[in-house]
Amino acid sequence: MASEENSKKLAILILIGGKSTRFGTEKAVIQLLGKPLILHQIETLTKFDEDIFLVAHSDEQIFSYRKEIEFPREITFIVDDRAIFNHPKIFQPMLGIYSGFKELLRQNFQKAFVLSCDMPLIKPEVVELMIKQAIGYDCVIPQWKNGFLEPYFAIYPVEKGFQKAKEILMNENYGLLNLIDKNWKINYVPVEEKIQPLDQNLTSLINIKGPIDLVKLSKLY
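Owing to the predicted nature of the structure, the values given are computational and were not obtained by experimental measurement.

A. Structural context of the overall build of the chain. Counting its regular elements, the chain contains 7 helices and 9 strands. Taken over C-alpha atoms, the radius of gyration comes to 17 Å for the chain, in line with the 17 Å a tight globule of 221 residues would show. The buried share of the chain, reckoned over its 221 residues, is 52%. When the accessible area of the chain is evaluated, it comes to approximately 11,200 Å², of which 49% is carbon and sulfur surface. Each charge class in the chain was averaged separately, 27 positive and 28 negative side chains, and the resulting centres sit 4 Å apart.

Quick look at the structure:
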């Protein structure tokens, strides 16, 4: 475990390795308002000093992204580590989280702000709120009044999260909510009370599932 003085507090981890059957292509490069989804996120996140990591499913995907997208700042790519995941044709977000946490742990990061690449219109004010809410907690996750959680827009502890993700992959029970350990100190951020005042249409929490969502989200921009 890293010593306190050598550790880094927070990294941003974006999952780009999934496959989209509805679009027939990878979501992160789908165009919204004239630019790829992932570029919307990166341009917002450049307002913060935290290191940004993109977790990809292969070296070929990384090559394609570097060729097609001109990123506004230095981005570090991580490739899915399949050493303990014997399913070459399965692309699970949990594998991306495990792989990302493994690398962040190696680099001595304490926490990771995990984002899905299909949530392009995140607001910097909401990102800032989440980072502030993480002080003194292991995990920070938005929660709606009905109890629904937003695990793809949450801050997790790197070391504890890595161990938990490894256990989940080995048990082959991949639901992302399984990553959250009841023994962690968790800050559930109320969506309607704390996030919506900063993001009236809550675009920060809208993910692109299909083509119709692109139309809906563009109207809310």
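Read on for the rest.
B. Looking closely at the pattern of salt bridges. The full count for this structure, using the stated rule, is 6 salt bridges. Two residues, Lys-102 and Asp-81, come together in a salt bridge whose shortest N-O distance is 2.6 Å. You can see Lys-102 sitting in helix α3 (residues 93-106) and its partner Asp-81 sitting in the loop between β5 (76-79) and α3, a full 21 residues away along the chain. Between Glu-128 and Lys-132 there is a salt bridge whose closest N-O contact spans 3.4 Å. Of this pair, Glu-128 and Lys-132 are both found in helix α4 (residues 124-133), 4 residues apart, which corresponds to roughly one turn of the helix. Judged by relative accessible area, Glu-128 falls into the partly exposed class, the value being 37%.

C. Structural context of the nonpolar core. One finds Ile-14, Ile-16, Ile-38, Leu-54, Phe-113 and Phe-153 to be the most contacted residues of the largest nonpolar core, which totals 38 residues. Of all elements in the fold, only β1 (8-15), α1 (37-45), β4 (51-56), α2 (59-68), β6 (109-116), α4, β8 (153-157) and α6 (191-195) reach the threshold of two or more residues within this core. Beyond its immediate sequence surroundings of up to four residues, Leu-54 is in contact with Ile-14, Ile-16, Ile-38, Ile-42, Phe-71, Ile-75, Thr-76, Phe-77 and Ile-78.

D. Quick look at unusual backbone geometry. For Leu-33, which is not glycine, the phi torsion reads 55° and is therefore positive. Positionally, Leu-33 belongs in the loop between β2 (31-32) and β3 (35-36). Look at Leu-33 and you get partly exposed, because its relative accessible area is 41%. One non-glycine residue, Leu-202, lies in the positive phi region at around 55°.

E. The packing of aromatic side chains, seen in detail. A full pass over the atoms with the stated rule returns 5 aromatic pairs. On the numbers, 5.8 Å between centres and 80° between planes, the contact of Phe-53 with Phe-109 is edge-to-face. Of this pair, Phe-53 sits in strand β4 while Phe-109 is found in strand β6, placing the two residues 56 residues apart along the sequence. Like Phe-109, Phe-53 is buried. Just above the ring of Tyr-137 sits the side chain of Lys-185; from NZ or CZ to the centre is 5.3 Å.

F. Broad picture of the packing of α3 against helix α5 (residues 158-171). Here α3 crosses α5 at 140°, and the two axes come no closer than 9 Å. In this structure, α3 crosses over α5, and the sense of that crossing is left-handed. Along its contact with α3, which presents Met-94, Leu-95, Ile-97, Tyr-98, Phe-101, Lys-102, Leu-104 and Leu-105, the element α5 presents Val-158, Glu-159, Gly-161, Phe-162, Ala-165, Lys-166, Ile-168 and Leu-169. Looking at the contact of α3 with α5 residue by residue, the class counts come to 12 nonpolar, 1 polar and 3 charged.

G. Expanded view of the confidence of the model for the chain. On average, the chain scores 87 in pLDDT, and the residues at 70 or more come to 90%. Counted against residues more than four places away or in other chains, residues 1-6, with its pLDDT under 50, gives 5 contacts.

H. Region of the structure containing the pairing of strand β7 (residues 139-143). Counting buried positions along β7 gives 4 out of 5 residues, so the element sits mostly inside the fold. As defined by bridge partners, β7 adjoins strand β9 (residues 186-190) across 5 bridges and the pair is classed as parallel. Paired with Val-140 across the bridge in β9 is Asn-187.

Parameters at a glance
- Residues numbered from 1 in each chain as written.
- Predicted model: local features only at pLDDT ≥ 70, side-chain atom pairs only at ≥ 80, totals over all residues.
- Heavy atoms only, no water.
- Helix = DSSP H or I, 4+ residues; strand = E, 2+ residues; numbered from the N terminus.
- Rg over C-alpha atoms; globule rule 2.2 N^0.38 Å.
- Buried < 20%, exposed > 50% of the residue type's maximum accessible area, 1.4 Å probe, protein only.
- Areas by Shrake-Rupley, 256 points an atom, 1.4 Å probe, with all protein chains shown as cover.
- Lys, Arg positive; Asp, Glu negative; His and termini not counted.
- Charge placed at Lys NZ, Arg CZ, Asp CG, Glu CD.
- Salt bridge = Lys/Arg side-chain N within 4 Å of Asp/Glu carboxyl O.
- Core = buried A, V, L, I, M, F, W, Y, C linked by side-chain atoms within 4.5 Å.
- Contact = heavy atoms within 4.5 Å.
- Phe/Tyr/Trp six-rings, centres within 6.5 Å; stacked < 30°, edge-to-face > 60°.
- Lys NZ or Arg CZ within 6 Å of the ring centre and 35° of its normal.
- Axes fitted to C-alpha atoms, helices over the stretch in contact; angles between N-to-C directions.
- Left-handed = near helix turned anticlockwise from the far one by under 90°.
- Nonpolar A, V, L, I, M, F, W, Y, C, P; charged D, E, K, R; others polar.
- pLDDT = per-residue confidence, 0-100.
- Pairing = 2+ DSSP bridges.

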